[in-house]
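Here are the chains, one letter per residue:
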Amino acid sequence: MGQHLTAIYDTRVGEGLLRPDPEQRAVLSRMEALRERLEAPRKASLFSRFRKPAENGPMGLYLWGGVGRGKSMLMDLFYAHVAISEKRRVHFHAFMQEIQAALHEARKTGVDDAIKPVAEAISRDLRLLCFDEMQITDIADAMIVGRLFEKLFEAGVIVVTTSNRHPTDLYKDGLNRQLFLPFIALLEERLEVDQLDAMTDYRQDRLAGEQTYFTPVNAEARRAIDMIWRDLTQGKHEELLLEVKGREVHLPQYWAGMARAGFWDLCGKPLGPADYLALVGAVKLLVLEDVPCLDSSKFNEAKRFVTLIDALYEGHVRLIISAEAEPEKLYLEGAGSFEFERTASRLREMQGADWGEARVE
C-alpha cells in the first residue's frame, strides 16, 4: 500500500500545486477505501479464473457537482495511485461509442444477448473503470447502460465516475425516460453518490484576469495559449472523438472537460448544430486556435463558425481563442456579414472574466 491519498493531496497543497479544500480532502478519504479494496490480495481459485465474484459493499463512487470544482482532478489522483494494472480511465461518451461498436460486432455472431459477451470482455480485463463526465443524451445509450452496468457490477468491476448531474437528473426529459429509471436506481444502489461542493471554481479561478482572446495569430499568441493550456491540464491530454449521426467531431487535445482544437478542425468540415451541441455536452472550456479573417469565399466556414459560437454561448462554455483580427473585423463582407455582428458581440461578452459561471448543470 502506497502513501495515503490525503497525504499525497496535502503534499501537493504544501507545494502550491493545489489549494486546500476540505470537501476535496473528504472525497479522497472515501476513494482511499476503494483503493484498499482494489489493492488487497485476492484469493485465487478455479472459479475466479472464469468469473470474478461480486464484491461486498458499494461498487464504486459517483462524484457529481458544478463545473471546475476538482472532480476530474480527484479521480485522476485516485486512478494514478491505484497499484493495479487492470484499470482504465476513459471519457464516458467515448466509452459508450466503443460499446455501441462492440454490440454491433457481437450481433453479427447471432447471439441472443449481445450485451453479455461485451460485458464479459470488459470485466475479463478490468477491475476498475474510471469515467469522466457521465451523461446520457442519446436514446441508444439510455437503452443499454442499465443492463451493461448490472453485468459489470455482478462481475466485480469497481466504477468511479464524475458527472455534473445527480443520478436522478441524468437523461432528464429524454425520450422514453421511464425505461431509463431502473439504471438510475442501480447507480444509487451500487455506487456511493457524493456531491463535491468545493469552495472554489478552480478553472474559473485560474483564468481570472487572464487574456482569453489573442490577436493576431503569431508565435507570441501560440506561446501564451500553450502556457494557459499547460496550467489548466498539468500537461495531460488525450484525443476525443465524438460521433454524431455518422459524422465525427475530432478534438485533437482533451482533458477533464477541456478541449483544444484548430478552426479548421471544427469549422472546415461539414459539421452542423447537432455536432456542436454534442461538443458543448462534452466540453466546459474550449481553446480554439487560428481563426482566419473570413469573406464570401469562406461562407460555409463562416456559417459554421457562427453556429459554433452560438452553441458555446448558449451552453456557457468558456472560450480561449486566437484569431487574425478583432471580433468585429473577422467577417466584413459577404452574405451574412450583418448577422455576424451578433457573433462578434458574443465573442466580446465571452471574454469577460466571469463568463461560464452562469452555466446551468
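Figured I'd write up the structure that's included with this text.

Cut-offs applied
Residues numbered from 1 in each chain as written. Predicted model: local features only at pLDDT ≥ 70, side-chain atom pairs only at ≥ 80, totals over all residues. Heavy atoms only, no water. Pairing = 2+ DSSP bridges. Helix = DSSP H or I, 4+ residues; strand = E, 2+ residues; numbered from the N terminus. Contact = heavy atoms within 4.5 Å. Axes fitted to C-alpha atoms, helices over the stretch in contact; angles between N-to-C directions. Parallel < 35°, antiparallel > 145°, perpendicular 65-115°, else oblique. Left-handed = near helix turned anticlockwise from the far one by under 90°. Salt bridge = Lys/Arg side-chain N within 4 Å of Asp/Glu carboxyl O. Buried < 20%, exposed > 50% of the residue type's maximum accessible area, 1.4 Å probe, protein only. Phe/Tyr/Trp six-rings, centres within 6.5 Å; stacked < 30°, edge-to-face > 60°.

## Concerning the sheet that holds strand E6 (residues 213-214)
Point 1. Here we have six strands laid out as an open sheet, ordered E6-E11-E10-E9-E8-E7, and mixed in their pairing. Either end of the sheet is taken by a strand with one partner, and the two such strands are E6 and strand E7 (238-244).
Point 2. Of the strand pairs in this sheet, E7 and strand E8 (residues 247-255) are connected by six bridges, and their pairing is antiparallel. Bridge pairing links leucine 241 to histidine 250 in E8.
Point 3. Lying on the sheet, helix H12 (residues 273-282) is in contact with E7, E8 and strand E10 (285-291); it crosses E7 at an angle near 135 degrees.

## Things to note about the packing of helix H5 (residues 92-108) against helix H6 (residues 115-125)
Point 1. Running from amino to carboxyl end, H5 crosses H6 at an angle of 125 degrees, the nearest separation of the two axes being 9 Å. One element, H5, and the other, H6, form an angle in the oblique class. The crossing of H5 and H6 is right-handed. Packed against H5, whose contacting residues are Phe95, Ile99, Ala102, Leu103 and Ala106, the element H6 presents Ile115, Pro117, Val118 and Ile122 at the interface.

## Description of the pattern of salt bridges
Point 1. Enumeration over the complete set of coordinates arrives at 23 salt bridges.
Point 2. The shortest N-O distance in the salt bridge between aspartate 310 and arginine 342 comes to 2.6 Å. One end of the pair, aspartate 310, is in helix H13 (residues 299-314); the other, arginine 342, is in helix H14 (residues 340-349), with 32 residues separating them in the sequence.
Point 3. Note on aspartate 310: relative accessible area 15%, which makes it buried.
Point 4. Classification of arginine 342 as partly exposed rests on a relative accessible area of 46%.

## Describing the environment of isoleucine 139
Point 1. Take isoleucine 139: it is sitting in helix H7 (residues 139-154).
Point 2. Residue class for isoleucine 139 comes out partly exposed when judged on its relative accessible area of 31%.
Point 3. With 38 residues separating them in the primary sequence, isoleucine 139 and arginine 177 have C-alpha atoms 8.8 Å apart.
Point 4. If sequence neighbours within four positions are ignored, isoleucine 139 has contacts with Tyr171, Leu175 and Asn176.

## Notes on the packing of aromatic side chains
Point 1. Within the structure shown, the criterion is met by 11 aromatic pairs.
Point 2. Ring centres of phenylalanine 131 and phenylalanine 149 lie 5.9 Å apart, and the angle between their planes is 40 degrees; on these two criteria the pair is classed as tilted. Note that phenylalanine 131 is positioned in strand E3 (residues 128-132) and phenylalanine 149 in helix H7, a separation of 18 residues in sequence. Across the pair, exposure class does not vary: phenylalanine 131 and phenylalanine 149 are buried alike.

## A word on the packing of H6 against H7
Point 1. Running from N to C, H6 and H7 cross one another at 45 degrees; their axes reach a closest spacing of 9 Å. Taken together, the axis directions place H6 and H7 in an arrangement best described as oblique. For the crossing formed where H6 meets H7, the hand is right-handed. Touching Ile115, Lys116, Ala119, Ile122 and Ser123 of H6 are Ile144, Arg147, Leu148, Lys151 and Leu152, all from H7.

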